[in-house]
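Examining the three-dimensional arrangement
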Amino acid sequence: MKTTLLTCLPAGMAFIFLLGLTFSSFAQFKLSGEIRPRFEYNHGYKSLANEKQDASSFTSQRSRINFEFKDDNMILGFSLQDVRTWGNQKQLTANEDFATSVHEAWAEVLFTKKFSLKAGRQELSYDDQRILGAVDWVQQGRSHDVAVFKYTGKFNVHAGFAFHQSGTLTNNFYNGPDSYKAMQYVWLNKKTEKLNLSLLFLNNGCPYVKTKDTLGVMTKQGIRYSQTIGPRVVYTKDKISAAVNFYYQIGKTAADKSINAYEGAIDLGYKLNDKIGLNLGFERLSGTSQTDTANKDDNSFNPFYGTNHKFNGTMDYFYVANHIGSVGLNDIYLKFAYSKDKLSASLTAHNFMAASDILDQKEFASSGKYTAMTAALGNEIDIDFGYSISKAVAFKAGYSQMFGTESLVALKGGKKEETSNWAWLMLVVKPTFFDTTPKQ
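Below: a short report on this structure. (Residues numbered from 1 in each chain as written. Predicted model: local features only at pLDDT ≥ 70, side-chain atom pairs only at ≥ 80, totals over all residues. Heavy atoms only, no water.)

1. Focus on the overall build of the protein
Quick note on the threshold: Secondary structure elements are taken from DSSP: a helix is a run of H or I of four residues or more, a strand is a run of E of two residues or more, and numbering for both begins at the N terminus. Throughout, radius of gyration means the C-alpha value; the globule benchmark is 2.2 Å times the number of residues raised to the power 0.38. A simple rule labels every residue: compare its accessible area, found with a 1.4 Å probe on the protein chains alone, to the largest value its type can have, and call it buried under 20%, exposed over 50%, or partly exposed in between. Residue contacts are defined here by distance: any two heavy atoms, one from each residue, within 4.5 Å place the two residues in contact. Using a 1.4 Å probe, the Shrake-Rupley method yields the accessible areas, and only the shown protein chains count as cover for residues. When charges are counted, Lys and Arg contribute as positive and Asp and Glu as negative, whereas His and the chain ends are disregarded. Where a charge lies is defined by one atom per residue type: Lys uses NZ, Arg uses CZ, Asp uses CG and Glu uses CD.
When its secondary structure is counted, the protein shows 4 helices and 19 strands. What you see for the protein is a C-alpha radius of gyration of 24 Å, in line with the 22 Å of a compact globule of 440 residues. For the protein, with 440 residues in total, the buried portion stands at 39%. In the protein, 58% of the contacts between residues at least 6 apart in sequence involve partners at least 24 apart. Only carbon and sulfur atoms are counted for the fraction: they give 58% of the accessible area of the protein, which is about 23900 Å². Once the 49 positive and 42 negative side-chain charges of the protein are each reduced to a mean point, those two points are 5 Å apart.

Okay, structure coming up:
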C-alpha cells in the first residue's frame, strides 16, 4: 500500500499541516518539533547522599510539536507535549491509557501595532526569570492559564491576570494543583543602547479555609495575598556587563503569617576575548531564623514561579521544590565560560551560606538552648558542555558535586562524608518542518 506524509502523521498533526498549507499564501505559519531525551545519574542530587544510598539513574524525555500562526490581526500559539521516564509506560499501551498534554494554547489579539491581548495557556518569562520563568530545564516546563495585556513602544508594559477554578462553580472553591488561586502582575521595561531597566510587581493570592461547618467541611474559602516588587538593571558596554536586582516581599502567607522578606543579587561579567568570559556574582535570599523564638513573621523570600534551576547551583539543593520557608541563602559564585564555533563549556564554583540562624538540634535536645550552627553550608562545582552538530541538533552534558557541611546535613539530611554528585547527558533535536516567515 502506498503511504503519504499525511497518512503517517497523527490526525491532529495532519490537520495542522493542511491548515498551514491553506494559510501560507497570505499569512505566516510555522510548524516545529522537539525530541529531548536526557539521561541522569544521581547520588546526592537535591540532598546529601547517606551511607546506605546507592546511586540511581534514569532517562526522561520531552517530545513536543509546536504550531504558530500570524497575520495582521492575531497570533496563535499551540504546543502539544509528552513527558515521560523511559520504561514507565508499558509497551502495549492503548491510546486512552496516556494522553498528550497541552503545554501552550494561546491567542494574541493585535488591537493596534502597540497594544495587544494574549490569553490562554502560556509561558511567562521575564528578565532573568528569577520570579517568573519558563523553567525549560524541567522536561514539562511551566505554563500559566492567564490573560496578559501588552503595550509595546518606547517602553514596554505587560499586565497579567489569572483566576483559578477546579472545574466547579460552587462557592468559588479552588483545591487545584497550583499554589495560587488568583494572581496579577505588572512588568515595566525600558531599553537603551547600554541599559535594560525593568520593574516587576507580583500580587500572589493563595487560597485558605475561611469557615467550616460542624462536620469540618469547608463552607467558605478566602484568598490571602502577598506582594513582591522590585527593579532589575542590566548594563553592558564592550567587554563589561553588570546586572543588579532587588525584590521585596510583604503581605500574608496562606497560614496567615506576615511576610517581611527580600532578595538581592549582583552579577559582574567580563569578556577576556570573543571565546572566554568570566562572571563573579552574589545573591542573598532572606530567611527565617530557627533560633529567634520571638519573631512571628515569615522572613523567607519565595522566588515563586522563577526558573530556579538556573540559580544557586544545578544540583537543585535550594528553591527547586524545596527550601521554601527555610533559613534563606547567601550564594557567592565564580563562573568561567568558553565558546568557539559549535563547542561551549563552563565551570562554576558556588559557596553557600545560610542567611539566618540554623538551630543546633543536638544542643537543643541536650540543654534546651537555642544555639545557632555555623552558617557555612558547603561548596558546589558545576561543569557543563555543549556541542551543536547543526542548527537543529545538539548534545549537552554536565557534572556537579556538592561538598556539604554539618549545617547542610541539619537542613537536608544525609552524610557530608559521602560523595554527593550528579551527572547528565542530553540530546536536543529541534527541527522546523514548515515555516513561511519571511527571511530577514
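2. A closer look at the pairing of strand E9 (residues 195-212)
Cut-off, in case you're wondering: Strands pair, by our definition, only if DSSP identifies at least two bridges between them.
Where strand E8 (residues 182-191) meets E9, 10 bridges bridge the pair, whose relative direction is antiparallel. Each bridged residue has a counterpart across the sheet, and for Gln-184 the counterpart in E9 is Asn-203. Here E8 folds back onto E9, and the loop between the two strands holds 3 residues. Hairpin connection from E9 to strand E10 (residues 218-237): 5 residues lie between these consecutive antiparallel strands, with Gly-216 at a positive phi of about 85 degrees.

3. Section: the pattern of salt bridges
Put simply, the rule reads: Basic side-chain nitrogens of Lys or Arg form a salt bridge, by our definition, when they fall within 4 Å of a carboxyl oxygen of Asp or Glu.
In the structure shown here, the tally under the stated rule is 13 salt bridges. With a closest N to O distance of 3.3 Å, Asp-128 and Arg-232 form a salt bridge. Here the residue Asp-128 occupies a position in the loop between strand E5 (115-122) and strand E6 (144-152), and Arg-232 occupies one in strand E10, the gap between them amounting to 104 residues. Here Asp-274 makes a salt bridge to Lys-275, at a shortest N to O gap of 3.5 Å. By sharing partners, the salt bridges in this structure join Glu-34, Arg-36, Arg-62 and Asp-136 into a single network.

4. Quick word on the pairing of E6
Relative to E6, E5 is paired through 8 bridges, and the arrangement is antiparallel. Directly across from Gln-122, in E6, lies its bridge partner His-144. In this sheet, strand E7 (residues 156-163) lies alongside E6 in antiparallel orientation, the contact comprising 6 bridges. Within E7, the position partnered with Lys-150 by the bridge is His-158.

5. A word on the environment of Leu-359
The topology assignment puts Leu-359 in the loop between strand E15 (343-353) and helix H3 (361-367). For Leu-359 and Ala-410, which are 51 residues apart along the polypeptide, the C-alpha to C-alpha distance reads 8.3 Å. Apart from residues no more than four positions distant in its own chain, Leu-359 is found in contact with Gln-290, Thr-291, Phe-364, Lys-369, Tyr-370, Thr-371 and Met-373.

6. Considerations on the packing of aromatic side chains
Quick reminder of the rule: Centres within 6.5 Å are what make two rings of Phe, Tyr or Trp a pair, Trp counting through its six-membered ring; a difference in plane orientation under 30 degrees is then read as stacked, over 60 as edge-to-face, and the rest as tilted.
In total, this model carries 18 aromatic pairs according to the counting rule given. Pairing Phe-29 with Phe-434 gives two aromatic rings, centres 5.6 Å apart and planes at 55 degrees, and the pair type is tilted. Remark: Phe-434 occurs in strand E19 (residues 432-435) and Phe-29 occurs in strand E1 (residues 28-43); sequence separation between them is 405 residues. On the basis of relative accessibility, which here comes to 1%, the residue Phe-29 falls in the buried class. For Phe-434, a relative accessible area of 21% puts it in the partly exposed group.

7. Some points on the side chain of Asp-298
Stated formally: Each polar contact in these results corresponds to two N or O atoms within 3.5 Å; when the atoms are within protein, one needs to be able to donate a hydrogen and the other to accept it, and residues that are neighboring in sequence are counted only if both atoms are side-chain atoms.
Examined against the element boundaries, Asp-298 turns out to sit in the loop between strand E13 (276-285) and strand E14 (329-340). Buried charge Asp-298 goes without a salt bridge, the closest partner of opposite sign being Lys-257 at 5.5 Å. Engagement of the side chain of Asp-298 in a polar contact is seen with the side chain of Thr-288, the distance being 3.5 Å. Residue contacts for Asp-298: discarding those within four places in its chain leaves Thr-253, Lys-257, Ser-258, Ile-259, Asn-260 and Thr-288.

8. Considering a positive patch on the surface
What counts, and what does not: Residues qualify for a patch when their relative accessible area is over 30% and they have no salt bridge, like charges being joined within 9 Å and the nonpolar side chains of Val, Leu, Ile, Met, Phe, Trp and Tyr within 5 Å.
A cluster of basic residues, Lys-30, Lys-391, Lys-396, Lys-430 and Lys-439, forms a positive patch at the surface. Residue classification places Lys-396 among the partly exposed residues on the basis of a relative accessible area of 38%.

9. Topic: the nonpolar core
Filter applied, for reference: Nonpolar cores were defined as sets of buried Ala, Val, Leu, Ile, Met, Phe, Trp, Tyr and Cys residues, with membership established by side-chain atoms within 4.5 Å.
Leu-124, Leu-132, Tyr-185, Phe-318 and Leu-377 are the most contacted members of the largest nonpolar core, which has 40 residues in total. Of all the secondary structure elements, the ones that give two or more residues to this core are E6, E8, E9, strand E12 (258-271), helix H4 (406-412) and strand E18 (420-429). It is E18 that provides the largest number of residues to this core, a total of 4 residues. In this structure, Leu-377 is in contact with Phe-318, Leu-329, Phe-352, Met-353, Ala-354, Ile-358, Phe-403, Gly-404, Thr-405, Ser-407, Leu-408 and Leu-411, ignoring residues within four places of it in sequence. The next biggest cluster of nonpolar side chains, apart from the first, holds 6 residues, and it includes Ala-27, Phe-29, Phe-67 and Phe-69.

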